[in-house]
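Each chain, written out:
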Amino acid sequence: MNLLPFRKLPAHKPRTFVPQAIDLGDWAHIAPLFDQLEERAPQCQSATDLERWLLDWSELSAALDEESSRRYIAMTCRTDSAEAEKAYLHFVENIDPQLKPRQFALEKIYVAHPQREKLLKQRFQVFDRDVKNHVELFRPENVALETEDAKLCQQYQKLVGSLTVDFRGEEKTLVQMGRYLEEPDRALRQEAWELVARRRLQEAEKFEDIFDRLIELREQIARNAGFKNYRDYAFRRLGRFDYTPEDCTRFHDAVAREIMPAVRELQAARRRQLGLDKLHPGHLRPWDLAVDPQNRPALKPFVEVGEMVSRTQKIFDRLDGELAGGFRRMQELHLLDLDNRKGKAPGGYQQNLSESRVPFIFMNAVGQQRDVETILHEAGHAFHALAASAEDLYAYRSAPIEFCEVASMSMELLGNEFIEEFYAAADANRARRTHLEGIIGFFPWMATVDGFQHWIYTNPGHSRAERAAAWLELMDRFGGEVDWTGYEAARAHLWHRQLHIFLHPFYYVEYGIAQLGALQVWANSKRDQAKALADYKRALALGGSRPLPELFAAAGCPFRFDAATIRPLIQLARDELAKLS
Ligand SMILES: [Zn+2]
């Protein structure tokens with residue numbers, strides 16, 4: 001039974017190494033291919049032989065990746081199907097654990113290979129650097145520690161997921177409580193906000209315990225790998241060869257200097273629009289930040305998902321013929337599953353089908369402006385996959401996250417230029433405003449979360465009180481004009497709710513870096529739309545074959561996050577906001 005939204009996809013290339021009839025859900029079929037690659041490696045006598053070997057390895061990795069993706073897609077599109085769940089779990093439990101050590105063995109063979117030095121430098125530089133890095137960082141004694149880390153992360157998620165509050169006689173999850181912060185009734189918002197803040201604070205000790213143990217583990221992992229602190233280890237582990245901790249600190253400084261004035265200005269406008277300036281004391285409070293400042297009803301961009309798709313198609317038709325063709329092809333191949341329905345997993349994602357070399361988009365659209373932002377965003381990722389599909393080296397068909405998000409965030413900004421496909425003029429401007437305000441408001445939070453982690457991992461042995469003080473210092477610097485009087489404890493522990501700090505250490509600044517790239521692409525398109533789009537597409541086609549600064553340069557963006565780079569971009573956003581109001 002086919003549980004996938006799409007039927008048979010056209011093969012991008014006929015297989016030359018992986019047998020046509022293989023069962024990729026059966027380890028007994030897969031293992032011999034890894035054996036063959038291991039046995040063949042010593043026989044590679046030239047760079048050409050080694051390249052052939054790499055491409056065969058690539059073909060196998062892509063086929064396995066696609067098998068895993070297909071099972072994941074089927075499971076998320078059909079959560080009510082026991083068959084889909086079983087197939088997915090079978091892969092996760094029986095194939096994945098066997099796969100990882102075999103892939104790592106091939107990486108080690110590659111790094112030690114005598115022909116490796118003879119590979120064309122320009123072509124293999126990035127691949128070589130990444131594989132070598134991965135092999136060099138591996139320590140057998142860290143495997144158990146990483147398992148321990150993963151278990152603590154799971155405890156964090158379980159704790160967060162278990163929290164509920166009793167709101168006006170009904171049990172609600174914290175996610176469900178989020179929508180009350182958009183209610184026009186201020187007293188209701190405050191009640192909802194206080195309830196959630198108090199509930200989180202009740203668990204503060206548990207969050208702190210989990211985090212203390214995570215820090216201890218991570219410091220040990222870093223020491224085992226020969227690093228003096230976990231920050232330096234994490235930078236290497238995340239493959240950050242093209243920027244340093246100092247660059248991140250400069251980024252934080254630039255946010256404080258160049259972006260905070262805009263944030264304060266927007267907060268002051270919000271305060272006036274909410275009528276708080278007529279109250280005493282008329283400060284903006286933590287529960288005043290998500291509501292529409294003019295108390296308007298939510299935007300309604302569409303009713304049916306089919307309408308969302310056809311209007312999105314029209315946006316791309318107006319933007320660029322080639323991108324529009326890609327989106328049309330995705331519809332023809334049924335590579336979109338977008339409607340919210342029973343028996344479907346929550347959330348949204350874009351997944352590459354690595355062997356067919358086509359993207360798939362999953363989301364749960366219900367008719368909100370957020371859905372329009374999501375489809376534009378995920379389409380940007382999909383365009384990236386389509387653009388890089390001619391690349392034969394599997395590792396190069398995807399780029400580092402810092403640039404992947406340029407592809408998607410640029411598409412939000414470029415697509416918004418034609419958002420009239422969804423709205424009349426006034427609502428179109430309101431949608432653009434909300435989007436731009438969101439972009440500006442993200443930077444200070446990014447700087448807070450990132451700066452906090454730099455502090456955490458370069459101040460070993462710190463106490464909980466010192467940690468809270470470091471957080472509060474960042475909140476003072478990047479929080480703007482929000483009055484937390486009476487809620488000091490909630491403010492000091494606000495970081496408990498940012499799951500990246502627990503689950504994905506140091507993984508956050510990427511979004512800030514990418515957002516600058518996206519703003520630059522948008523700025524370029526204001527000057528010369530055809531050139532900006534041509535650069536964008538050319539950069540996407542490079543996939544992950546070049547280092548970050550070159551990917552950014554190809555897209556027409558400097559790979560810098562200092563004040564001089566940020567200033568004109570924020571100015572553009574502010575000018576645009578002024579025009580839209
Ligand atoms: Zn994304």
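Summary of the structure given here. No experiment lies behind these values; they were computed from the predicted model shown.

### Concerning the overall build of the chain
And then number 1: Along its length, the chain carries 22 helices and five strands.
And then number 2: In terms of C-alpha radius of gyration, the chain reaches 25 Å, essentially the compact-globule figure of 25 Å for 581 residues.
And then number 3: C-alpha extents for the chain along the principal axes are approximately 80 × 55 × 50 Å.
And then number 4: Considering the chain as a whole, with its 581 residues, one finds that 54% of them fall into the buried category.
And then number 5: Of the contacts made within the chain by residues no fewer than 6 positions apart, 75% connect residues no fewer than 24 positions apart.
And then number 6: Summed over its atoms, the accessible surface of the chain is roughly 26,400 Å², and 51% of this surface lies on carbon and sulfur atoms.
And then number 7: Once the 78 positive and 87 negative side-chain charges of the chain are each reduced to a mean point, those two points are 2 Å apart.

### Some thoughts on the coordination of the zinc ion
And then number 1: Taken together, His-377 (NE2), His-381 (NE2), Glu-405 (OE) and Glu-405 (OE) make up the protein donors of the zinc ion, found 2.1 to 2.6 Å from the metal.
And then number 2: Classification of the site at the zinc ion as irregular follows from its four donor atoms and the range of 52 to 136 degrees in their angles at the metal.
And then number 3: Mapping the donors of the zinc ion onto the primary sequence yields the spacing H-x3-H-x23-E. Within this pair, whereas His-381 is found in helix α13 (residues 369-387), its partner Glu-405 is found in helix α14 (residues 401-416), the two being separated by 24 residues in sequence. Of the two residues, His-381 and Glu-405, both sit in the buried class.

### A word on the pattern of salt bridges
And then number 1: Applying the stated criterion across every chain yields a total of 61 salt bridges.
And then number 2: Between Arg-189 and Asp-288 there is a salt bridge, and its shortest N-O distance comes to 2.8 Å. With Arg-189 in helix α7 (residues 186-202) and Asp-288 in the loop between α10 (245-273) and α11 (305-319), this pair connects stretches of sequence that are 99 residues apart.
And then number 3: A residue is classified by how much of its surface remains accessible, and Asp-288, at 0% relative accessible area, is buried.
And then number 4: The closest approach of N and O atoms between Glu-550 and Arg-546, which form a salt bridge, is 2.7 Å.
And then number 5: Given a relative accessible area of 36%, Glu-550 falls into the partly exposed group.
And then number 6: Classification of Arg-546 as buried rests on a relative accessible area of 9%.
And then number 7: Within this structure, Glu-205, Glu-208, Asp-209, Asp-212, Arg-464 and Arg-467 form a network of salt bridges that share partners.

### Quick look at the nonpolar core
And then number 1: In terms of nonpolar packing, the biggest core is built from 153 residues, with Phe-251, Phe-316, Phe-403 and Phe-502 touching the most fellow members.
And then number 2: The residues contacting Phe-316, other than those within four sequence positions of it, are Ala-324, Phe-327, Leu-376, Ala-379, Phe-383 and Met-411.
And then number 3: Residues Leu-33, Cys-44, Leu-60 and Leu-393 belong to the second largest nonpolar core, which totals 34 residues.

### Some remarks on the packing of aromatic side chains
And then number 1: Scanning the model with the defined rule gives 46 aromatic pairs in all.
And then number 2: Pairing Tyr-507 with Tyr-511 gives two aromatic rings, centres 5.7 Å apart and planes at 55 degrees, and the pair type is tilted. Each member of the pair, Tyr-507 as well as Tyr-511, carries the same accessibility label: buried.
And then number 3: Positioned above the aromatic ring of Tyr-180, the side-chain terminus of Arg-179 is 4.8 Å from the ring centre.

### Observations concerning the packing of helix α15 (residues 425-458) against helix α16 (residues 464-478)
And then number 1: For the pair α15 and α16, the least separation of the axes is 10 Å and the interaxial angle reads 155 degrees. One way to sum up the angle between α15 and α16 is to call them roughly antiparallel. For the element pair α15 and α16, the recorded crossing hand is right-handed. Contacts from Pro-444, Trp-445, Ala-447, Thr-448, Gly-451, Phe-452, Trp-455 and Ile-456 of α15 reach α16 at Glu-466, Arg-467, Ala-470, Trp-471, Leu-474, Met-475 and Phe-478.
And then number 2: Here the residues of the contact of α15 with α16 sort into 11 nonpolar, two polar and two charged.

### A short note on the state of the cysteines
And then number 1: Within this structure, the stated rule accounts for zero disulfides.
And then number 2: A disulfide-free cysteine, Cys-557 has its sulfur positioned 14 Å from the sulfur of Cys-404, the nearest such atom.
And then number 3: For Cys-557, a relative accessible area of 3% corresponds to the buried category.

### Some words on the pairing of strand β5 (residues 358-365)
And then number 1: Most of β5 is tucked away, with eight of its eight residues classed as buried.
And then number 2: Because side chains alternate across β5, one face comprises the buried residues Val-358, Phe-360, Phe-362 and Asn-364, and the other comprises Pro-359, Ile-361, Met-363 and Ala-365, equally buried.
And then number 3: Where strand β3 (residues 336-339) and β5 come together, three bridges link them in parallel fashion. Paired with Asp-339 across the two strands is Ala-365, which belongs to β5.

### Let's talk about the side chain of Lys-344
And then number 1: Mapping Lys-344 onto the fold places it in the loop between β3 and β4 (349-353).
And then number 2: One polar contact links Lys-344 to Asp-337, side chain to side chain, over a distance of 2.7 Å.
And then number 3: Of note is the side chain of Lys-344, whose polar atom sits 2.7 Å from the backbone oxygen of Met-363.
And then number 4: Beyond its immediate stretch of four places on either side in the chain, Lys-344 contacts Thr-76, Cys-77, Thr-79, Asp-337, Leu-338, Asp-339, Phe-362, Met-363 and Asn-364.

Procedures and definitions
- Residues numbered from 1 in each chain as written.
- Predicted model: local features only at pLDDT ≥ 70, side-chain atom pairs only at ≥ 80, totals over all residues.
- Heavy atoms only, no water.
- Helix = DSSP H or I, 4+ residues; strand = E, 2+ residues; numbered from the N terminus.
- Rg over C-alpha atoms; globule rule 2.2 N^0.38 Å.
- Buried < 20%, exposed > 50% of the residue type's maximum accessible area, 1.4 Å probe, protein only.
- Contact = heavy atoms within 4.5 Å.
- Areas by Shrake-Rupley, 256 points an atom, 1.4 Å probe, with all protein chains shown as cover.
- Lys, Arg positive; Asp, Glu negative; His and termini not counted.
- Charge placed at Lys NZ, Arg CZ, Asp CG, Glu CD.
- Donors = N, O, S within 2.8 Å, 3.2 Å for Na, K, Ca; no water.
- Tetrahedral: all angles 85-135°; square planar, octahedral: opposite > 155°, others 65-115°.
- Salt bridge = Lys/Arg side-chain N within 4 Å of Asp/Glu carboxyl O.
- Core = buried A, V, L, I, M, F, W, Y, C linked by side-chain atoms within 4.5 Å.
- Phe/Tyr/Trp six-rings, centres within 6.5 Å; stacked < 30°, edge-to-face > 60°.
- Lys NZ or Arg CZ within 6 Å of the ring centre and 35° of its normal.
- Axes fitted to C-alpha atoms, helices over the stretch in contact; angles between N-to-C directions.
- Parallel < 35°, antiparallel > 145°, perpendicular 65-115°, else oblique.
- Left-handed = near helix turned anticlockwise from the far one by under 90°.
- Nonpolar A, V, L, I, M, F, W, Y, C, P; charged D, E, K, R; others polar.
- Disulfide = S-S within 2.5 Å.
- Pairing = 2+ DSSP bridges.
- Polar contact = N/O pair within 3.5 Å; in protein donor to acceptor, adjacent residues only side chain to side chain.

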